[in-house]
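Structural description and commentary
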Amino acid sequence: MSTPSVANNAYQMAAKLAQQAASPDDLPAGPESVDFGQMVQEAVESVVDKGRDMDTKSIGLIEGRTDVVDVVTAVAETEMALETMVTVRDRVISAYEEIMRMPI
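A brief structural summary.

What counts, and at which threshold
- Going along each chain's sequence as written, the residues are numbered from 1 onward.
- With the structure being a predicted model, the display of local features is reserved for residues of pLDDT at least 70 and the display and counting of side-chain atom pairs for 80 or more, all residues being used for whole-chain, interface and lining totals.
- Note that the side-chain values use all heavy atoms of the structure and ignore hydrogens as well as water.
- A run of DSSP states H or I qualifies as a helix once it reaches four residues; a run of E qualifies as a strand once it reaches two. Both are numbered from the N-terminal end.
- By the convention used here, residues are in contact when the closest approach between their heavy atoms is within 4.5 Å.
- Residue exposure ignores everything except the shown protein chains as possible cover, and the areas themselves are Shrake-Rupley values with a 1.4 Å probe.
- Axis lines are fitted through C-alpha atoms, for helices just across the contact stretch, and the angle between N-to-C directions can take any value from 0 to 180 degrees.
- An angle below 35 degrees is read as roughly parallel, one above 145 as roughly antiparallel, one from 65 to 115 as roughly perpendicular, and any other as oblique.
- In a left-handed crossing the near helix is turned counterclockwise from the far helix by less than a right angle, and in a right-handed crossing that turn is clockwise.
- Nonpolar residues are Ala, Val, Leu, Ile, Met, Phe, Trp, Tyr, Cys and Pro. Charged residues are Asp, Glu, Lys and Arg, and all others, Gly as well, are polar.

Moving on: the overall build of the chain. Within the chain, the regular secondary structure consists of three helices and zero strands. Ordered by position in the sequence, the α and β elements of the chain form the string α-α-α. Counting contacts in the chain only where the partners sit at least 6 residues apart, residues at least 24 apart contribute 56% of the total. Total accessible area on the chain is roughly 8400 Å²; 62% of this is exposed by carbon and sulfur atoms.

Structure representation (C-alpha cells):
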C-alpha cells in the first residue's frame, strides 16, 4: 500500500465520519445510540493494532521476510493514526476547558 492510498483511505474515512455527523436523524435515539466511550475504545484499539502491525513488519524486515516499502507504509499508517488520535484528544480537552469556563 502506497502513501497516496493511505491518504486516500484516511480522506474516505473522514468523509464518512463527516457524513454521519451531518445526518443525526439516521442515529437511533435512546439507549441504542452510539456510546462515546465505546467509540473511543475502538479508535484506541485501531491505533494499537496498527502499531502491532508495524512491529510485525519491522521484525519481518530484520528477518528478511518483509519488503522495505511495506514497513515504511506501516510506519506511515501508524503515525497518521496516532496523530489523528492526539488531535482528537486535544480537541476533547479544549472542549472540556471551554465548558468549564462557561458561567452557570
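Our focus in this paragraph is the packing of helix α2 (residues 36-63) against helix α3 (residues 68-101). Interaxial distance between α2 and α3 falls to 9 Å at its minimum, and their mutual angle equals 155°. The angle between α2 and α3 places the two elements in the roughly antiparallel class. α3 is crossed by α2, and the crossing has left-handed handedness. Listed contacts from α3 to Phe36, Ala43, Val44, Val47, Lys50, Gly51, Asp53, Met54, Lys57, Ser58 and Leu61 of α2 are Val68, Asp70, Val71, Ala74, Val75, Glu77, Thr78, Ala81, Leu82, Met85 and Val92. Class assignment of the residues belonging to the contact of α2 with α3 gives a composition of 14 nonpolar, three polar and five charged.

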